[in-house]
Amino acid sequence: MTAGYAAYAQPSAREMRRQVPTSRSGGSPFGVYVHIPFCRERCDYCAFATYSDRDHLMRSYVEACVEEIERAYGSGDLPPASSVFFGGGTPSRLPPEDLVTILRAIPLKEGAEVTVECNPEDAQIERLSVYASAGVTRMSFGVESTLEHVLATLGRTSSASERADETGGSVPEMLADDVRQVGFKSWNLDLIYGAASETHEDWHDVLVGVVSMSCPPPHLSLYALTVELGTPLASDPSRYPDDDVQAERYEYASAFLSAHGYVWEEISNWALPGHACRHNDLYWSQGNYLGVGSGAHSHVDGRRWWNMRTPERYIRAIKTGSSPVAGEETLSEAEREFEELALSLRTRRGVPESALPTAPADLVLREGGRAVLNVRGRLVANDLTARLVTGAAL
Amino acid sequence: MDTALIRNFSIISHVDHGKSTLSDRILELTGAVDPRFMREQYLDSMDLERERGITIKAQNVRVVHRGHVLHLIDTPGHVDFGYEVSRSLAACEGAVLLVDASQGIQAQTLANCYQAMEHDLEIVAALNKIDLLAADPERCAAEIEKVLGLPADEILRISAKTGDGVGTLLDAVIERVPPPSGRRTSATRALIFDSSYDQYRGVVSSIRVFDGTISTGERLRFMQAGAVHDVEEIGVRTPDSVAVDELGPGEVGYLIAGIKNVGEARSGETVTRASAPAAEPLAGYRDPKPMVFCGIYPIDGDQLPFLRDALDRLKLNDSSFTFEPESSRALGFGFRCGFLGLLHMEIVRERLEREFDLSLIATAPSVAYRAYLTDGSDVDVDNPVDLPEASRIDHVDEPMLDITILTPAQYTGTVMELCQARRAELSRMEYLSPERLELVYRIPLAEVVKDFFDQLKSRTKGYASLDYEPAGYSTANLVRVDLLINHVPVDAFSTIVHRSSADNYGRRMTEKLRELIPRQLFDVPIQAAIGGRVVARETVKAKRKDVLAKCYGGDITRKRKLLERQKEGKKKMKNIGRVEVPQEAFISALRLED
């Protein structure tokens, strides 16, 4: 796949002279990520490449994405996708037919996993049915919290609770019902913990409300609220989360979820058996994937590149026939090895035991030649990553 | 030259009382400096001297007034350089006592003036700044009469700024200061009262001939250093250096003799003719003895060789400070340095940073304790980590000072309070005038090096002045307080203190370190201990969270770079008892201690 594909991704002169390595990907999985940079409103903590005032660009953006996919596959050596992920931003902000237009442009492998991120207020049966009939297999709902006062301190407004009220249940119950009616194989729910207004009891209530439903989500992403530079949250220290409080929330959730049959997959992700997200696993195993759309990142065999961040510039580049790539890097062997270990350490695969010789014993499980972080170790994964030893691990 | 026409004098004055301005006026009045080339503080050559308004290196200048040759010998203006002052005074027959008429006489001026009188110098007193509205010459004159016994009606009134009365002052110097008494035919004896290093000429010494003559090309013996050097050049400063063939009795000038190190031509050294040496050197020579010590470390360890080079080069110019290599677990490799006093320490450090472009960190200043051991031996300890363990110590003595404080009477209470808090004992107290008071205390040097001077200044709005002289040793209840991180002592923070303040020091430092040491993967105890006994404890709680929540396709590059930086950062950490501490934490702790 590499030669023609790399050419598409605007190779540097150095890259052209470099001997093309044998592809590591072979028949292995290949993912396509599609970035949808539109939101109804921007949340206070969000630093993603997303915009709440560019809806007029949607149509040309969709066309550009389709063209980018066609260009990429036109080079002839991209494998069909074994997973597709529509992320954002808010993919459900697009008219469902537009999203389907993009999906149809992507060659899919038999049994491909296709995920769409969706705001709860967009989760009407009609929209979800359009997705399902076009091949979407998995929904991911950005609920973030089920408590109004917590949502308020996150600067996130949701009209989903009104519709849920009409049905007489909670937002997660409403979503579970929608998913069941449309018939998706799997689904995920995002939650954020550690907001300033959230108490321990609040967090307990949120977890119980989600997990104790009759059809609980088979996959959960729990994110520690993080202060990103340049966000409204960053300019309001009174709303900053406390590390120790977040650590307690994490430990509590981790114990709670495993008691309810969830398997820990990665720092912030848990799944019932059989419901791990295959697309995410590509990211964490240095797999290959194509990123489509503004600000989207791609990776093929140790080479990473990323598209222009604003939708305007991205659209213009595609429309004028030039490359939308804004930056790239080719990892050295050492970087690649460190990255592989660093990513893997965040997951339940862990790393070869020899790669983590100096970590305190009470933070790491050592089993079958692998070192895997326990819940306290996961909470200090950055520190432990900085102790990884490369070279020795091979 | 006819000695009857020579007058050698220095100006004794407090910082800011106008000595440099008076020197400038004298240079102008006598036509020594072309007005086009005149600049302020003409004789202060170092930037630091101009900025701080103090004289660090003694200078001398020859001017001519009314047919007489006047040698003005400019003395260092700070208490740390008392010995240098005494050598400068030894080169004179008279001294101008210059006092700011709005401030009155200050402690150190008084001390220097007493010293001048001990050398039998004729004192010509002058009140300066009489043009100021705040000037109170009557009161100041009465004070001077009271404390020094100089008749008030003989005290001149001048304004160095406007030049008013400066001519009269020089006339008074000629009239009252006796001419030098040496004879050409005696065996040569000349006093070195300052030396500096010039990278082209080597050591240039300021010299006063007492007996006999010195000529170019002659072989000289340096009586204390025990070395022999040939005269390359002698001359006088007008203030430009002018070479002469000979310097006779009573003359002041400079000497260049191919010497590479100022340590071989120290202040106080007596020079004589090698072929016909004098029997006895001039009296009063003393080896410079450091009083205050600290470790000096480069913030960036790579700068160590540059620091050594800089110390070597400074030492060429300043034989009174000492240094030897030392190492610290917290700070890496550096040097243990000894200084005449706190200002001397500050000056050396500032010159190292400024003239050699180094970034440095210094440990808290220490003094030289003397520990008497149970086996009957004794040991000098200028670095707290060298103090033997408590079980081997019989008792510890600490160096003492006699300090003289002159203060406006309204601050007496607060000054006495400060002194008592610093373990000082009042020896004498005397009113100089109804408004001003002289307090004499005996106080441990260690209490003075700990911001005593700053405290004194701030408590008296800058009006009090301080002089000190060494007063031997005294036994005290002294202990070493160690700071331990995760049960491992951090040498840079070990300090010797009086038992009564040990707990307080321990608490302060443990609290400070708790704030500065980043949280680790485990709880880290920070303890202050005397021997095995813990007197203060804090805990840096284990960090519980250090992880990025999200790591998807778009996060990986950024995250890898972040983690690579974190990994690099780890390598630079100092490891103390398994605890990773950034060097900045130690540096901040030491800075706060300043």
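Residues numbered from 1 in each chain as written. Chains lettered and ligands numbered in written order. Predicted model: local features only at pLDDT ≥ 70, side-chain atom pairs only at ≥ 80, totals over all residues. Heavy atoms only, no water.

**Here we look at the pattern of salt bridges**
Residue and element names in this part refer to chain B. Applying the stated criterion across every chain yields a total of 68 salt bridges over all chains. Among the ionic pairs, D171 bridges to R66, the shortest N-O distance being 2.8 Å. Of this pair, D171 sits in helix α6 (residues 166-176) while R66 sits in the loop between β2 (59-65) and β3 (68-74); the two residues are 105 residues apart in sequence, bridging distant segments of the chain. Judged by its relative accessible area of 22%, D171 falls in the partly exposed class. In this structure, the salt-bridge partner of E350 is R354, at a minimum N-O distance of 2.7 Å. Here the residue E350 and the residue R354 both occupy positions in helix α8 (residues 342-355), the gap between them amounting to 4 residues, near one helical turn. Judged by relative accessible area, E350 falls into the partly exposed class, the value being 22%. (Salt bridge = Lys/Arg side-chain N within 4 Å of Asp/Glu carboxyl O. Helix = DSSP H or I, 4+ residues; strand = E, 2+ residues; numbered from the N terminus. Buried < 20%, exposed > 50% of the residue type's maximum accessible area, 1.4 Å probe, protein only.)

**Brief notes about the packing of helix α5 (residues 125-133) of chain A against helix α8 (residues 171-182) of chain A**
All names here are of chain A. Packing of α5 against α8 brings their axes to within 10 Å, and their N-to-C directions diverge by 45°. As judged from the angle between their axes, α5 and α8 are oblique. In terms of crossing hand, the pair formed by α5 and α8 is right-handed. Here α5 contributes I125, L128, S129 and A132 to the contact with α8, which in turn contributes D178, Q181 and V182. (Axes fitted to C-alpha atoms, helices over the stretch in contact; angles between N-to-C directions. Parallel < 35°, antiparallel > 145°, perpendicular 65-115°, else oblique. Left-handed = near helix turned anticlockwise from the far one by under 90°. Contact = heavy atoms within 4.5 Å.)

**Observations regarding the packing of aromatic side chains**
Residue and element names in this part refer to chain A. Taken as a whole, this structure holds 15 aromatic pairs over all chains when the rule is applied. Judged by centre distance (5.2 Å) and plane angle (40°), the rings of Y193 and W203 are tilted. With a gap of 10 residues between them, Y193 in strand β5 (residues 186-193) and W203 in helix α9 (residues 200-211) connect regions that are remote in the sequence. On the accessibility criterion, W203 (1% relative accessible area) is buried. Seen in terms of ring centroids, Y252 and F256 are 6.5 Å apart; in terms of plane orientation they differ by 25°. Their pairing is stacked. Linking Y252 with F256, this pair stays in helix α10 (residues 243-259), spanning 4 residues, or about one helical turn. Y252 gets classed as partly exposed once you look at its relative accessible area, which sits at 27%. (Phe/Tyr/Trp six-rings, centres within 6.5 Å; stacked < 30°, edge-to-face > 60°.)

**As for the interface of chain B and chain A**
Each partner contributes to the interface: chain B provides 27 residues, whereas chain A provides 45 residues. When residues of chain B are sorted by the area they lose upon contact with chain A, L521(B), R544(B) and K545(B) head the list and together hold 23% of the total. Counting the contacts that link chain B with chain A gives 11 salt bridges. Notably, a salt bridge pairs R519(B) with D244(A), separated by 2.8 Å at the nearest N-O pair. The residue makeup of the side of chain B that touches chain A, split by class, is 9 nonpolar, 4 polar and 14 charged. (Buried area = accessible area lost by both parts, 1.4 Å probe. Nonpolar A, V, L, I, M, F, W, Y, C, P; charged D, E, K, R; others polar.)

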